[in-house]
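Chain residues, written in single-letter form:
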Amino acid sequence: MSANQSPAGKQPTATYDSAFLRACRREPVPHTPVWFMRQAGRSLPEYLKAREGIPMLESCMRPELVAEITLQPVRRHGVDAAVYFSDIVVPLKAIGIDLDIKPGVGPVIAEPIRTRADLARLRQLTPEDVAYVTEAFGLLTRELGATPLIGFAGAPFTLASYLVEGGPSRNHEHTKALMYGDPQLWADLLDRLADITAAFLRVQIEAGASAVQLFDSWVGALSPADYRRSVLPASHKVFEAVSEYGVPRVHFGVGTGELLGLLGEAGADVVGVDWRVPLDEAARRVGPGKALQGNLDPAVLFAGREAVETKTREILDAAAGLEGHVFNLGHGVLPTTDPDALTRLTEYVHTQTAR
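The structure displayed is predicted, hence computed values, not measured ones.

## Structural notes on the pairing of strand β3 (residues 106-109)
The two faces of a sheet get side chains in turn, since along a regular strand they alternate between them. For strand β2 (residues 99-102) and β3, the ladder comprises four bridges, and the chain directions are antiparallel. By the bridge assignment, Lys 102 is partnered in β3 with Gly 106. Linking two consecutive strands that pair antiparallel, namely β2 and β3, is a turn of three residues; a positive phi of about 80° is found at Gly 104 within it.

## Observations concerning the nonpolar core
Leu 122 and Leu 189 are the most contacted members of the largest nonpolar core, which totals 126 residues. Apart from the residues within four sequence positions on either side, Leu 122 is in contact with Leu 92, Ile 95, Ile 97, Ile 113, Leu 163, Leu 189, Arg 192, Leu 193 and Ile 196.

## Observations regarding helix α8 (residues 173-181)
Looking at α8, one finds that the buried residues are Thr 175, Leu 178 and Met 179. Buried residues of α8 fall within an arc of 100° about the axis and therefore sit on the same side.

## So, the sheet that holds strand β7 (residues 270-272)
If you trace the seven strands from one edge of the open sheet to the other, you get β1-β4-β5-β6-β7-β8-β9, paired in parallel fashion. Edge positions in the sheet fall to β1 (82-83) and β9 (325-329), since each of these pairs with one other strand and no more. As defined by bridge partners, strand β5 (residues 211-216) adjoins strand β6 (residues 249-253) across five bridges and the pair is classed as parallel. Opposite Gln 213, over in β6, you have Val 250 as the bridge partner. In this fold helix α11 (residues 232-241) packs onto β5 and β6, with an angle of close to 155° to the strand it touches most, β6.

## Quick word on helix α14 (residues 305-318)
Here α14 spans 20 Å end to end across 14 residues, near enough to the 20 Å set by a 1.5 Å rise per residue. When we look at burial in α14, the residues that qualify are Val 308, Thr 312, Ile 315, Leu 316 and Ala 318. Seen along its axis, α14 keeps its buried residues to an arc of 160°; they face one direction. For α14, the secondary structure elements touched by its buried residues are α13 (279-286), β8 (291-296), β9 and α15 (339-353).

## Things to note about the packing of helix α6 (residues 131-144) against helix α9 (residues 183-206)
The interhelical angle for the contact between α6 and α9, taken along N-to-C directions, is 30°, at an axis separation of 9 Å. Between α6 and α9, the interaxial angle falls into the category roughly parallel. In this structure, α6 meets α9 at a crossing whose hand is right-handed. Seen from α6, the contacting residues are Val 133, Thr 134 and Phe 137; seen from α9, they are Phe 200, Val 203 and Gln 204. Of the residues in the contact of α6 with α9, the class split is four nonpolar, two polar and no charged.

## What to know about the pairing of β9
Burial analysis of β9 places five of its five residues in the buried class, which makes it a mostly covered element. Here β9 shows no split at all, with His 325, Phe 327 and Leu 329 on one side and Val 326 and Asn 328 on the other all buried. Here β8 pairs with β9 via five bridges, running parallel. Bridge pairing in β9 links Gly 294 to Phe 327. The handedness of the β8 to β9 crossover, carried by α14, is right-handed.

## Digging into the packing of aromatic side chains
Here the structure, examined in full by the defined rule, presents six aromatic pairs. Consider the rings of Tyr 162 and Trp 218, whose centres lie 6.1 Å apart with planes at 70°: the pair is edge-to-face. Linking Tyr 162 in helix α7 (residues 156-165) with Trp 218 in the loop between β5 and α10 (224-230), this pair joins segments that are 56 residues apart in sequence. A relative accessible area of 8% places Tyr 162 in the buried class.

## With respect to the pattern of salt bridges
Scanning all chains against the criterion turns up 22 salt bridges. Lys 237 is the salt-bridge partner of Asp 195, the closest N and O atoms lying 2.9 Å from each other. A residue pair is termed long-range when its members are at least 10 positions apart, and Asp 195 in helix α9 and Lys 237 in helix α11 qualify at 42 residues. On the accessibility criterion, Asp 195 (27% relative accessible area) is partly exposed. Between Asp 274 and Arg 276 there is a salt bridge, with the nearest N and O atoms lying 2.6 Å from each other.

What counts and what doesn't
- Residues numbered from 1 in each chain as written.
- Predicted model: local features only at pLDDT ≥ 70, side-chain atom pairs only at ≥ 80, totals over all residues.
- Heavy atoms only, no water.
- Pairing = 2+ DSSP bridges.
- Helix = DSSP H or I, 4+ residues; strand = E, 2+ residues; numbered from the N terminus.
- Core = buried A, V, L, I, M, F, W, Y, C linked by side-chain atoms within 4.5 Å.
- Buried < 20%, exposed > 50% of the residue type's maximum accessible area, 1.4 Å probe, protein only.
- Contact = heavy atoms within 4.5 Å.
- Arc of directions from axis to C-beta.
- Axes fitted to C-alpha atoms, helices over the stretch in contact; angles between N-to-C directions.
- Expected span 1.5 Å × (residues − 1).
- Parallel < 35°, antiparallel > 145°, perpendicular 65-115°, else oblique.
- Left-handed = near helix turned anticlockwise from the far one by under 90°.
- Nonpolar A, V, L, I, M, F, W, Y, C, P; charged D, E, K, R; others polar.
- Right-handed = clockwise from strand over helix to strand, strands pointing away.
- Phe/Tyr/Trp six-rings, centres within 6.5 Å; stacked < 30°, edge-to-face > 60°.
- Salt bridge = Lys/Arg side-chain N within 4 Å of Asp/Glu carboxyl O.

Structure below.
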């Protein structure tokens with residue numbers, strides 16, 4: 001049973017009435033809940049100390065280290081949800097793809113996937129492949145108590161882009177060449193990645209995730225027509241595969257202002273919005289029946305307390321009429337962000353929105 005479910009005849013679990021899950025369900029909240037993408041990580045000195053000398057992928061596979069890193073921002077900032085510390089390429093590594101996360105570069109794939117024969121390297125993910133995830137979630141849910149734990153995974157398009165390009169890409173030329181040049185192979189690739197992603201999310205939900213977020217970091221490179229034709233079916237398959245658990249499903253991408261309605265259409269309960277579109281306009285594009293998450297520009301945190309509060313107030317005002325709002329940044333916390341700025345921001349949102 002998930003941490004979000006409150007079945008008839010049974011008492012709600014500890015996290016069910018948390019501000020975060022209530023906002024995701026578009027129910028009244030005691031205050032606007034706050035969490036930050038990449039809150040568990042490189043902006044915190046305690047994170048850098050904990051991970052000293054440990055490669056990124058290895059750190060994702062040590063349950064006790066994962067639990068400690070995941071808990072650090074909850075302790076420091078008082079955020080309303082923890083987000084599981086991992087990386088979107090972890091399930092690919094778990095099924096045997098030869099990859100590494102190189103500092104300053106990102107995920108690098110030794111042998112890119114560009115032919116039909118290459119698909120054979122993408123086998124299904126089993127819970128045994130990621131037993132360390134189940135162990136870490138067990139440690140975390142016991143420690144977090146009433147604080148929700150967000151699981152996450154990379155969306156099929158973004159995983160495909162890394163696999164096809166061989167690493168991060170500015171123009172996604174190999175990805176788009178495959179998508180346009182061999183649409184059947186592209187569809188088969190994304191379908192297989194959808195199965196892997198869904199399996200990875202199921203492991204997290206069954207281990208205690210209260211919600212899950214699907215990151216489609218690079219999908220903003222596509223037009224709405226290309227997204228609908230070539231990406232939406234796979235993303236929808238992921239969301240549909242975990243719908244039975246009843247946990248909120250969040251969808252986020254960068255530069256996706258033109259795709260916001262489609263991100264919701266793919267099956268999300270909550271649509272993440274980057275900083276380029278005001279939340280009231282985002283609500284119009286997404287349509288009714290969805291909560292929104294976002295959307296302070298991460299760079300604003302470098303501008304000083306008064307500027308941060310002014311921009312935050314603008315976001316809260318834009319969100320005033322929303323059915324549900326989870327305050328977040330419009331992308332991840334930048335590495336050199338002052339942690340105290342995040343603590344102050346959390347407190348400011350809580351104070352300003354207290355009901």
